[in-house]
Amino acid sequence: MKKKLAMLLGMILIVTSLAACGGSKSEPAQAPAEEEEEAEAPAPEETPAEEEGAEAAPTSDVTYGVVVRSVDEYCTALAEGGEEICEELGWANITLNSDGDVQKQIDAIQSMVAQGVKGIYVHDLDAVAIAPTLKKALDAGVNITVSSNLIPEMGDYLHHDLIYYVQWDNEKAFYDLTKATIELMGGKGKILCLTSPQGFTITQQFLTGFRNACAEYPDIEIVNEIDCNSDRALGLSYTEDALTANPDIDAIISTTEVITWGTVEAIENLGIDFDDIIITTNDSSKQTMQMLIDGKLDIITGCPAKNGPVTGARILEKLLAGEDVKDAQDVQWVDVDEHLANVAYMLFDKDNADLSFCDY
């Protein structure tokens, strides 16, 4: 039976990273993927954001771009955040989807630079791989907002006047989630970790947090760390396989919620009572939050998805006006001189679950 989670008496704010997640919700992020297949600059009129920009009748020649990792509900919310802030500011908007492919992400950034955008928010897939492309964009005079994953990779460009970082600490996020999961287990037992693609920087950060937390508990046994490619069907099949081979698994933790949706389905297929296994995950869509409310999940992490591109746009707004970025609206600065802003994550359990928190 599940142990009471003593540490989660309310929202626990932690600074963490945004993970790719969710199921499909297609319009803002899907269409550009087809244009990126050819690795050529897509025509602005073919992007999903252009029609909305036209309806908003931009009052300036500013175009702001958002590059997302894939087509899923989290990325759709990111795209919507970019579209909404551009509508508010009277800017045009371009949103391109990387479709989980690092080369497509590089092509998307290059395409936006070629189209003359003033700024780009990048939901990075691989910090090492995209850093050279971001440096070229900075050389071209384009403002870049990206996660703090890029800080070790920027070299002489680290404090470039046009690059700003959003601090999402993936390692700490998954460390805290893992610790909370193990506390529910009573500090002992078998835990299975289902992951996003293990070749990605973000996944390695998650796994470092996971392993460090587990190492603090000598009676915790890691059954396996399985790459589910952020795929619901793989989450389902690998969960079924793991529980068939190890029916005494006490907890399953996932780096993205879409994997967990498959895990929940597997638990139902196997006829296992949700009171007899602990399931936790990163991300907090409405679907996942509802699963938490319904008792199918035990702990989830959460952060409003739209915060990233909105933060980038607010910074760009000040840069274009020649004003001090420290006064950028709604930006929570960690260190203005280091160009580092904050996004706060929360841990939710059934007691503090809140659908109104979710923006996708």
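We now turn to the structure provided with this report. This is a predicted model, so every value here is computed, not measured.

In this section: the overall build of the protein chain. Within the protein chain, the regular secondary structure consists of 12 helices and 14 strands. Looking at the protein chain as a whole, 56% of its 360 residues are labelled buried. In the protein chain, once contacts between residues fewer than 6 apart in sequence are set aside, the share between residues at least 24 apart is 74%. When the accessible surface of the protein chain is summed, it comes to about 13900 Å², and 46% of that surface belongs to carbon and sulfur atoms.

Taken as a whole, this structure holds 11 salt bridges when the rule is applied. With a shortest N-O distance of 3.0 Å, E216 and K179 are connected by a salt bridge. You can see E216 sitting in the loop between α8 (201-215) and β8 (220-227) and its partner K179 sitting in helix α7 (residues 170-184), a full 37 residues away along the chain. For E216, a relative accessible area of 41% puts it in the partly exposed group. Residue R314 pairs with E317 through a salt bridge whose shortest N-O separation is 3.4 Å.

With burial as the criterion, each face of strand β9 (residues 251-254) is covered, one bearing A251 and I253 and the other bearing I252 and S254. The sheet contact formed by strand β7 (residues 189-195) and β9 spans 4 bridges and is parallel. Paired with I191 across the strands is A251, a residue of β9. As paired elements, β9 and strand β10 (residues 278-281) share 4 bridges and run parallel to each other. Among the inter-strand pairings, I253 is bridged to a residue of β10, identified as T280. Since β9 and β10 lie parallel, the crossover through helix α10 (residues 257-270) that links them has a hand, and here it is right-handed.

This brings us to unusual backbone geometry. Phi at D283 is positive, roughly 95°, even though this residue is not glycine. Here D283 lies in the loop between β10 and α11 (286-293). With a relative accessible area of 0%, D283 lands in the buried category. The phi angle at H339 is positive, at roughly 60°, despite the residue not being glycine. With respect to the helices, strands and loops of the structure, H339 is situated in the loop between β12 (333-335) and β13 (340-342).

Here α8 spans 21 Å end to end across 15 residues, near enough to the 21 Å set by a 1.5 Å rise per residue. Within α8, burial applies to I202, T203, Q205, F206, L207, G209, F210, A213 and C214. Taken together, the buried residues of α8 touch α7, β7, β8 and β9.

Take the environment of D161 next. Positionally, D161 belongs in the loop between β5 (143-147) and β6 (163-167). Judged by relative accessible area, D161 falls into the exposed class, the value being 59%. Sequence-wise, D161 and H339 are 178 residues apart; in three dimensions their C-alpha atoms are separated by 8.7 Å. Excluding residues that lie within four positions of it along the chain, D161 makes contacts with L319 and H339.

Glancing now at the sheet that holds β5. Pairing is mixed in the open sheet, where 7 strands are placed in the order β3-β2-β4-β5-β6-β13-β12. Each edge of the open sheet is held by one strand with a lone partner, namely β3 (92-97) and β12. Sheet twist, expressed as the mean angle between neighbouring strand axes with direction ignored, is 25°. Pairing of strand β2 (residues 63-68) with strand β4 (residues 119-122), which is carried by 4 bridges, proceeds in the parallel orientation. Looking across to β4, one finds that V66 is bridged to Y121.

Core analysis: the largest hydrophobic core is formed by 47 residues, its most contacted members being I120, L134, I144, V146, L150, M154 and I191. When residues of this core are assigned to their parent elements, the largest contribution, 6 residues, is made by helix α6 (residues 127-139). Not counting residues within four places of it along the chain, the set of residues in contact with I120 comprises Y64, G65, V67, I109, M112, V113, V142, N143, I144 and T145.

Moving on to the packing of aromatic side chains. Given two aromatic rings, their pairing is described by the distance between the two centres and the angle made by the two planes. Taken as a whole, this structure holds 6 aromatic pairs when the rule is applied. Here the aromatic cluster, defined as three or more aromatic residues joined through ring pairs, consists of F174, F206 and F210.

A few words now on the packing of helix α5 (residues 102-114) against α6. Taken N-terminus to C-terminus, the directions of α5 and α6 make an angle of 5°; their axes are 10 Å apart at the nearest point. On the basis of the axis angle, α5 is roughly parallel to α6. Packed against α5, whose contacting residues are V102, Q105, I106, I109, Q110 and V113, the element α6 presents A129, I130, T133, L134 and A137 at the interface. Of the residues contributing to the contact of α5 with α6, the split by class is 8 nonpolar, 3 polar and no charged.

Here we come to the environment of V258. Structurally, V258 is set in helix α10. Classification of V258 as buried rests on a relative accessible area of 8%. In the structure, V258 is positioned 25 residues away from A233 in sequence and 9.1 Å away in space, judged by C-alpha atoms.

With that settled, the discussion passes to the environment of K296. Of note, K296 is situated in the loop between α11 and β11 (299-302). Through-space distance from the C-alpha of K296 to that of F274 is 5.8 Å; in sequence the pair is 22 residues apart. Residues within four places of K296 in sequence aside, it is in contact with V264, E268, F274, I279 and M291. Among the polar contacts made by the side chain of K296, one reaches the side chain of E268 at a distance of 2.9 Å.

Rules used in this analysis
- Residues numbered from 1 in each chain as written.
- Predicted model: local features only at pLDDT ≥ 70, side-chain atom pairs only at ≥ 80, totals over all residues.
- Heavy atoms only, no water.
- Helix = DSSP H or I, 4+ residues; strand = E, 2+ residues; numbered from the N terminus.
- Buried < 20%, exposed > 50% of the residue type's maximum accessible area, 1.4 Å probe, protein only.
- Contact = heavy atoms within 4.5 Å.
- Areas by Shrake-Rupley, 256 points an atom, 1.4 Å probe, with all protein chains shown as cover.
- Salt bridge = Lys/Arg side-chain N within 4 Å of Asp/Glu carboxyl O.
- Pairing = 2+ DSSP bridges.
- Right-handed = clockwise from strand over helix to strand, strands pointing away.
- Expected span 1.5 Å × (residues − 1).
- Axes fitted to C-alpha atoms, helices over the stretch in contact; angles between N-to-C directions.
- Core = buried A, V, L, I, M, F, W, Y, C linked by side-chain atoms within 4.5 Å.
- Phe/Tyr/Trp six-rings, centres within 6.5 Å; stacked < 30°, edge-to-face > 60°.
- Parallel < 35°, antiparallel > 145°, perpendicular 65-115°, else oblique.
- Nonpolar A, V, L, I, M, F, W, Y, C, P; charged D, E, K, R; others polar.
- Polar contact = N/O pair within 3.5 Å; in protein donor to acceptor, adjacent residues only side chain to side chain.

The analysis is restricted to geometry; functional conclusions fall outside its scope.
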